[in-house]
Amino acid sequence: MQSVDRTLQVLQSDLCEVLLTDIQIQDRVRQLGQQISTDYQDSEPYLVVILNGAFLFVADLVRYIDLPVELGFMAVSSYGDSTRSTGTVRIVKDLQKDILGREVLIVEDIVDTGLTLTYLRGMLSGRQPRTLRTVSLLSKPACRQVQVPIEYCGFEIPDKFVVGYGLDFMQRYRNLPCIGVMDPTKAAAQENHT
Ligand code: 5GP
C-alpha cells in the first residue's frame, strides 16, 4: 500500500491545482446514483459507458444505484491534439447488444466542446432506445461548441485541462483519486519527451 501512496503522491505533484478532492467526488457520485435510482424506479437501465475515461466513475456510480442495471461499453477515438477534440469521432469498440426499446443512460467522463456527446447521442438514438439520457461526471460549459443535454451532471468546471479519477494526460494520471489541473510545465516536458 505504501508504494501505491508514493506513486500517487508523485503523480499528484504534477498538478498545479486540485479542483475536486476524492471526498467531494464520492459525495457527488453518491447523489447522482441516488437520483438515478429514483428516476429509473421499476426499470432496468442500460448504462452505455464511454471508455476509457469513465471507467472509475461508472465503477463507483453503479454501486450507488439501487436498481438492477446492465452495462455495455463503447470506445471512441476523437481525432485531434492531445488536449482538445475535433468532433470527428470513430467508434473503436461498439456495444455487443441491441438497445432497441431500452432505457439507455450514456456514462461520460467529461463534456468539453460537446461534439463527441452530440455524435454519440445521434448515433445511439438511431438505434431506437425507449429513452436516451446522459450522466457526465464533469462539464466545461465555457468550451461548448454545440449545445447538448446532460441530464445528470456531476460538476461544472472551468476551461482547464484536468486529469485524475479516470481522466488521463498521455495515458497517465487515471489512477489519481482526485481531479486536478495539469501543471503546464510538466505537461510540456512530458510531450517533449515522447
Ligand atoms: P468533447 O467532444 O466534448 O470536446 O470532448 C470529449 C472528450 O474529450 C472527453 O470524453 C475526454 O476524453 C476529452 N477531454 C475533454 N476535456 C478534457 C480534459 O480536461 N481532460 C481530459 N483528460 N480529457 C478531456
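Provided above is the structure to which this section pertains.
What you see is a predicted model, and the numbers here were worked out from it, not measured in a lab. (Residues numbered from 1 in each chain as written. Predicted model: local features only at pLDDT ≥ 70, side-chain atom pairs only at ≥ 80, totals over all residues. Heavy atoms only, no water.)

Chemist: With reference to specific residues and values, describe the overall build of the protein.
Modeler: In terms of helices and strands, the protein carries five helices and nine strands. The order of helices and strands in the protein, counted from the N terminus, is α-β-α-β-α-β-β-β-α-β-β-β-β-α. Its C-alpha atoms give the protein a radius of gyration of 17 Å, near enough to 16 Å, the size a compact globule of 194 residues would have. On the principal axes, the C-alpha backbone points of the protein span a range of 50 × 35 × 30 Å. Counting every position in the protein, which comprises 194 residues, the buried fraction comes to 47%. Total accessible area on the protein stands at roughly 9800 Å², and carbon and sulfur atoms take up 49% of it. (Helix = DSSP H or I, 4+ residues; strand = E, 2+ residues; numbered from the N terminus. Rg over C-alpha atoms; globule rule 2.2 N^0.38 Å. Buried < 20%, exposed > 50% of the residue type's maximum accessible area, 1.4 Å probe, protein only. Areas by Shrake-Rupley, 256 points an atom, 1.4 Å probe, with all protein chains shown as cover.)

Chemist: Lay out the site of the ligand with the relevant residues and their values.
Modeler: Taken together, 16 residues sit near the ligand, with Thr113, Thr116, Lys140, Val162 and Asp168 positioned nearest. Between an oxygen atom of the ligand and a side-chain N or O atom of Asp109, the distance comes to 3.0 Å. One of the side-chain nitrogen or oxygen atoms of Thr113 is found 2.5 Å away from an oxygen atom of the ligand. Relative to its unbound accessible surface of 510 Å², the ligand loses 87% to contact with the protein. Examining the composition of the shell around the ligand, we find that four residues originate from one element, strand β5 (residues 103-111), more than from any other. (Near = heavy atom within 4 Å. Polar contact = N/O pair within 3.5 Å; in protein donor to acceptor, adjacent residues only side chain to side chain.)

Chemist: Outline the sheet that holds strand β1 (residues 15-20), supporting the account with residue identities and numerical values.
Modeler: One open sheet holds the three strands; their spatial order is β1-β9-β8, and the pairing between them is antiparallel. The open sheet has two free edges, formed respectively by β1 and β8 (162-163), since each of these has just one partner strand. Pairing analysis gives two bridges linking β8 to strand β9 (residues 179-182), with the strands arranged antiparallel. The partner of Val163 across the bridge, within β9, is Gly180. (Pairing = 2+ DSSP bridges.)

Chemist: Tell me about the state of the cysteines, residues and numbers included.
Modeler: When the sulfur atoms of two cysteines share a covalent bond, that bond is a disulfide. Taken as a whole, this structure holds zero disulfides when the rule is applied. Free cysteine Cys143: the closest other cysteine sulfur is in Cys153, separated by 13 Å. (Disulfide = S-S within 2.5 Å.)

Chemist: Let's hear about the pattern of salt bridges: which residues, and what values?
Modeler: One pass over the full model with this rule turns up 10 salt bridges. Ionic pairing is found between Arg102 and Glu70, a salt bridge with its closest N-O pair at 3.0 Å. Here Arg102 is found in the loop between β4 (89-93) and β5, whereas its partner Glu70 is found in strand β3 (residues 70-78), with 32 residues between them in sequence. Each of Glu70, Lys97 and Arg102 takes part in salt bridges that share partners, so that together they form one network. (Salt bridge = Lys/Arg side-chain N within 4 Å of Asp/Glu carboxyl O.)

Chemist: Break down the packing of aromatic side chains for me, with residues and values.
Modeler: In total, this model carries one aromatic pair according to the counting rule given. Centroid distance Phe161 to Phe169: 6.0 Å. Interplanar angle 75°. Geometry classified as edge-to-face. A relative accessible area of 24% places Phe161 in the partly exposed class. Lying across the ring of Tyr173, Arg172 places its NZ or CZ 5.6 Å from the centre. (Phe/Tyr/Trp six-rings, centres within 6.5 Å; stacked < 30°, edge-to-face > 60°. Lys NZ or Arg CZ within 6 Å of the ring centre and 35° of its normal.)

Chemist: Please provide a residue-by-residue account of unusual backbone geometry, values included.
Modeler: Keep in mind that most residues, glycine aside, have a negative phi and that most peptide bonds are trans. With an omega dihedral of 5°, the bond running from Leu51 to Asn52 counts as a cis peptide bond. Mapped onto the elements, Asn52 comes out in the loop between β2 (46-51) and α3 (55-63). Residues other than glycine seldom take positive phi values, yet Asp42 does so here, at roughly 65°. Looking at where Asp42 falls in the secondary structure, it is placed in the loop between α2 (22-39) and β2. Although it is not a glycine, Tyr165 adopts a positive phi angle of roughly 50°. On the secondary structure map, Tyr165 appears in the loop between β8 and β9.

Chemist: Account for the packing of α2 against α3, with residues named and values stated.
Modeler: At a minimum axis distance of 8 Å, the contact between α2 and α3 shows a crossing angle of 55°. Here α3 runs oblique to α2, going by the angle between their axes. α2 and α3 meet at a crossing whose hand is right-handed. The segment α2 lies against α3, with Gln26, Val29, Leu32, Gly33 and Ile36 engaging Phe57, Asp60 and Leu61. Split into classes, the residues belonging to the contact of α2 with α3 amount to five nonpolar, two polar and one charged. (Axes fitted to C-alpha atoms, helices over the stretch in contact; angles between N-to-C directions. Parallel < 35°, antiparallel > 145°, perpendicular 65-115°, else oblique. Left-handed = near helix turned anticlockwise from the far one by under 90°. Contact = heavy atoms within 4.5 Å. Nonpolar A, V, L, I, M, F, W, Y, C, P; charged D, E, K, R; others polar.)

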